[in-house]
Amino acid sequence: NGQHLSLVALSDLEPRVTPAIVTAGLATQSELDSRRDWYLSLLDLLRVRARRIGDIVRQAVPYFAENIDYDPEAVAKQWKEADVVIAILEDARASLSEVADWTTPALEEALRALAERRQIAAGKIFQPLRVALTGLTVSPGIFDVLVLLGREKSLRRLDAATQFLRPKG
């Protein structure tokens, strides 16, 4: 099934997925129609990690939702040291907020430069960032995620993640 979803033409896949997206309450048909190019890009990225239509719908939630929940396993694995993660996410937000051209190459350049400045492997930024943006440990490539979410939603998600990680009280 997974191979079939990866190989089927988007024009054949989209009419199968759209009713499930609508039924799940993620978007209306008119919303999907109005953002058709974006929606097809999303489907193209999500189908790679899917075996069934339902898998695509579950993976799509972070891209449609205004707010996300963080998977407890993702938090336990990627956000162990809250103070370190907060600093990384704040630095990532600052770097990303300066990116004028919200495209994969520009975003990649900004985040790789941040890793270099912090003298850490890029994955030490990408993984906590992935959880902040999607709530999950698995997603399409981090730059694709950023592009699909867009500047404003990505920056809001980073703010929400750092707020979540800050001690309460």
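Bear in mind that the values here come from a model prediction, so they are computed numbers and not experimental data.

Moving on, we get to the pattern of salt bridges. Should their charged atoms come close, side chains of opposite charge can pair. Counted under the stated rule, the structure contains eight salt bridges. Here D44 makes a salt bridge to R47, at a shortest N to O gap of 3.0 Å. Close ionic contact of R118 with D91 constitutes a salt bridge, the shortest N to O distance being 2.4 Å. Here R118, found in helix α8 (residues 104–118), pairs with D91, found in helix α7 (residues 82–97); they are 27 residues apart in sequence, far enough to count as distant. Classification of D91 by relative accessible area gives partly exposed; the value is 29%.

Moving on, we come to the layout of surface pockets. Estimates place the volume of the largest pocket at around 280 Å³. Contributing elements (two or more residues each) for the lining of the largest pocket: α6 (72–78), α7 and α9 (123–134). When residues in the lining of the largest pocket are grouped by element, the largest group, four residues, is from α9. When grouped by side-chain class, the residues that make up the lining of the largest pocket number six nonpolar, three polar and five charged.

At a minimum axis separation of 9 Å, α8 and α9 run at an interaxial angle of 125°. Classified by the angle between their axes, α8 and α9 sit oblique to one another. Between α8 and α9, the residues in contact are L111, R112, L114 and A115 and I125, F126 and L129, respectively. Its residues assigned to classes, the contact of α8 with α9 shows six nonpolar, no polar and one charged.

For the rest of this paragraph, the subject is the packing of aromatic side chains. Two numbers describe a pair of aromatic rings. These are the distance of the centres and the angle of the planes. Applying the stated criterion across every chain yields a total of five aromatic pairs. Between W79 and F164 the ring centres are 6.0 Å apart and the planes differ by 55°, which places this aromatic pair in the tilted class. Of this pair, W79 sits in the loop between α6 and α7 while F164 sits in helix α11 (residues 151–165); the two residues are 85 residues apart in sequence, bridging distant segments of the chain. Note on F126 and F143: the rings are 5.3 Å apart at their centroids and 85° apart in plane angle, and the pair reads as edge-to-face. With F126 in helix α9 and F143 in helix α10 (residues 142–149), this residue pair connects regions lying 17 residues apart in the sequence. For the pair shown, F126 and F143 are each scored as buried. Connected via pairs of aromatic rings, a cluster forms that spans Y70, W79 and F164. Geometry around W38 places R35 over its ring, the cationic atom sitting 3.8 Å from the centre.

Along the polypeptide, T162 turns up in helix α11. Given the relative accessible area of 9%, T162 is considered buried. When neighbours within four sequence positions are excluded, T162 is seen to be in contact with I86, L89 and E90.

Here the focus is unusual backbone geometry. In this structure, Q119 is a non-glycine residue whose phi angle is positive, near 55°. Structurally, the position occupied by Q119 is in the loop between α8 and α9. Q119 gets classed as exposed once you look at its relative accessible area, which sits at 73%.

Here A82 lies in helix α7. Linking A82 and K153, residues 71 residues apart in sequence, is a C-alpha distance of 22 Å.

This part covers the nonpolar core. I21, F64, W79, L89, L111 and L129 are the most contacted members of the largest nonpolar core, which totals 56 residues. What L111 contacts, discounting residues up to four positions off in sequence, is A92, L96, I125, F126, L129, F143 and L146.

What counts and what doesn't
- Residues numbered from 1 in each chain as written.
- Predicted model: local features only at pLDDT ≥ 70, side-chain atom pairs only at ≥ 80, totals over all residues.
- Heavy atoms only, no water.
- Salt bridge = Lys/Arg side-chain N within 4 Å of Asp/Glu carboxyl O.
- Helix = DSSP H or I, 4+ residues; strand = E, 2+ residues; numbered from the N terminus.
- Buried < 20%, exposed > 50% of the residue type's maximum accessible area, 1.4 Å probe, protein only.
- 1 Å grid on protein atoms, 1.4 Å probe; cavity = no way out; pocket = protein on both sides within 12 Å on 5 of 7 lines; lining within 4 Å.
- Points joined across faces, edges and corners; volume = space filled by probe spheres on them.
- Nonpolar A, V, L, I, M, F, W, Y, C, P; charged D, E, K, R; others polar.
- Axes fitted to C-alpha atoms, helices over the stretch in contact; angles between N-to-C directions.
- Parallel < 35°, antiparallel > 145°, perpendicular 65-115°, else oblique.
- Contact = heavy atoms within 4.5 Å.
- Phe/Tyr/Trp six-rings, centres within 6.5 Å; stacked < 30°, edge-to-face > 60°.
- Lys NZ or Arg CZ within 6 Å of the ring centre and 35° of its normal.
- Core = buried A, V, L, I, M, F, W, Y, C linked by side-chain atoms within 4.5 Å.

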